[in-house]
Amino acid sequence: MEELIYKLKSIRLSGMTRKLDVRLQEAVSHELSYLDLLKNLVDDELTVRRDRLLERRLKQASFPYLKSVGDFDFSFNPSINRQLIKKLSTAAFIAGRENILFIGPPGVGKTHLAVAFGMEAVQKGFTVLYRSTFDMAADMNKHPNDVMSFFLKPQLLIIDELGMKNLTRDANEILLEIIHRRHQRASTIIATNRPIEDWGRIFGDNATASAILDRFLENVHFIKITGKSYRLLNLNSEQKRIDSESNNP
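Below you will find a few notes about this structure. (Residues numbered from 1 in each chain as written. Predicted model: local features only at pLDDT ≥ 70, side-chain atom pairs only at ≥ 80, totals over all residues. Heavy atoms only, no water.)

**As for the nonpolar core**
Counting residues in hydrophobic clusters, the biggest one holds 31 residues, and the most contacted among them are Phe63, Phe102 and Ile189. Those elements that place two or more of their residues in this core are α4 (82-88), α5 (92-95), β1 (99-103), α6 (110-123), β2 (128-132), β3 (156-162) and β4 (187-192). Top contributing element to this core by residue count: α6, with eight residues. One finds Leu129, Met136, Trp199 and Phe216 within the second-largest nonpolar core, a separate group that totals 26 residues. (Core = buried A, V, L, I, M, F, W, Y, C linked by side-chain atoms within 4.5 Å. Buried < 20%, exposed > 50% of the residue type's maximum accessible area, 1.4 Å probe, protein only. Helix = DSSP H or I, 4+ residues; strand = E, 2+ residues; numbered from the N terminus.)

Rendered as structure tokens:
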């Protein structure tokens, strides 16, 4: 037994190694055939490998937190098109190389939904990268030679907080090139609190920027979120809890 476990480990079949003893006992008690025993061990190995791949892709995605569409409170802002959100959460838009644009004030759930779509995409086997514009600016400064391939590689790129940071002219040009080169090759999600009319100010009001952004918008699912802020609701709830505890020591 120890020799078999050693050999399984040597060829990196850790899933089989972990379950070998349990599967052998199961085979004896249920009188399973050798073929059924082997099938169960192979299934165990595949499960472990899928879990590892999922964990690795989630780490590579660099999400700020893990959220799902199921966690989203649609009743808080009923103006949100729930049917469209459910449809997009299947990640089918990535296969069609389509884009998504979230526009709305801070705290209404743009990042939550963008991350939720990214999470679903990872679970469906797609490669995903989340970056805020603050992250992108830092990436451009730290790795100027590798930044283009870094942002072009994932099948889904999530650009959050567009317009929240004033980028340099060079950074704006790189960001525009990223959007341009991903067009019809891979999907991009952009979340911003700035209306489309302001994008000329963000990127510099020129014909090149307008042409590139027009290409992004021609194949986009537009989701405008209005209404109350989840962030303020949570802050108010926390403040009420603190006040209540202070009044009732």
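**A few points about unusual backbone geometry**
A negative phi angle is the norm for most residues apart from glycine, just as the trans form is the norm for most peptide bonds. Positive phi outside glycine occurs at glutamate 31, with the angle close to 55°. With respect to the helices, strands and loops of the structure, glutamate 31 is situated in the loop between α2 (14-29) and α3 (34-61). The exposure class assigned to glutamate 31 is exposed, which follows from its relative accessible area of 72%. Of note in the backbone geometry, alanine 91 takes a positive phi value of approximately 70° without being a glycine. Tracing the sequence through the fold places alanine 91 in the loop between α4 and α5.

**With respect to helix α11 (residues 207-217)**
Within α11 the residues assigned to the buried category are Ala209, Ile212, Leu213 and Phe216. Viewed along the axis of α11, the buried residues span an arc of 95°, placing them on a single side of the element. Residues of α11 that are buried make contact with β1, α9 (169-182), β4, α10 (199-203) and β5 (220-224). (Arc of directions from axis to C-beta. Contact = heavy atoms within 4.5 Å.)

**Topic: α2**
The end-to-end C-alpha separation of α2 is 24 Å, in line with the 22 Å expected for 16 residues at 1.5 Å each. The largest bend in α2 is about 55°, located at leucine 20. Within α2, the full set of buried residues consists of Ser14, Gly15, Met16, Thr17, Leu20, Arg23 and Ala27. Tucked inside the fold, the buried residues of α2 contact α1 (2-10) and α3. (Expected span 1.5 Å × (residues − 1). Bend = angle between axes of the 7 residues up to and from the residue.)

**Details of the packing of aromatic side chains**
For the structure shown, the criterion picks out four aromatic pairs. Note on phenylalanine 72 and phenylalanine 74: the rings are 5.0 Å apart at their centroids and 70° apart in plane angle, and the pair reads as edge-to-face. Under the relative-accessibility criterion, phenylalanine 72 is labelled buried at 6%. Among the residues examined, phenylalanine 74 registers a relative accessible area of 7% and is labelled buried. Note on phenylalanine 102 and phenylalanine 117: the rings are 5.9 Å apart at their centroids and 35° apart in plane angle, and the pair reads as tilted. (Phe/Tyr/Trp six-rings, centres within 6.5 Å; stacked < 30°, edge-to-face > 60°.)

**Description of the environment of alanine 171**
Among the secondary structure elements, alanine 171 is positioned in helix α9. Considering only alpha carbons, one finds alanine 171 and aspartate 44, 127 residues apart in sequence, at a separation of 47 Å.

**Side note on the pattern of salt bridges**
Inspection of every chain in the model, using the stated rule, returns ten salt bridges. Between glutamate 177 and arginine 181 there is a salt bridge whose closest N-O contact spans 3.2 Å. Residue glutamate 177 and its partner arginine 181 are located together in helix α9, separated by four residues, close to a single helical turn. You can call glutamate 177 partly exposed: its relative accessible area is 34%. The class for arginine 181 is partly exposed, based on a relative accessible area of 32%. Residue aspartate 198 is joined to arginine 194 by a salt bridge in which the shortest nitrogen-to-oxygen separation is 3.5 Å. Residue class for aspartate 198 comes out buried when judged on its relative accessible area of 15%. (Salt bridge = Lys/Arg side-chain N within 4 Å of Asp/Glu carboxyl O.)

**Points about the sheet that holds β1**
Read from one edge to the other, the open sheet built from five strands follows the order β2-β3-β4-β1-β5, with strand pairing classed as parallel. The sheet is open, and its two edges are formed by β2 and β5, each paired on a single side. Mean inter-strand twist for the sheet, computed between neighbouring axes without regard to direction, equals 10°. Examined bridge by bridge, β1 and β5 share five bridges and lie parallel to one another. (Pairing = 2+ DSSP bridges. Axes fitted to C-alpha atoms, helices over the stretch in contact; angles between N-to-C directions.)

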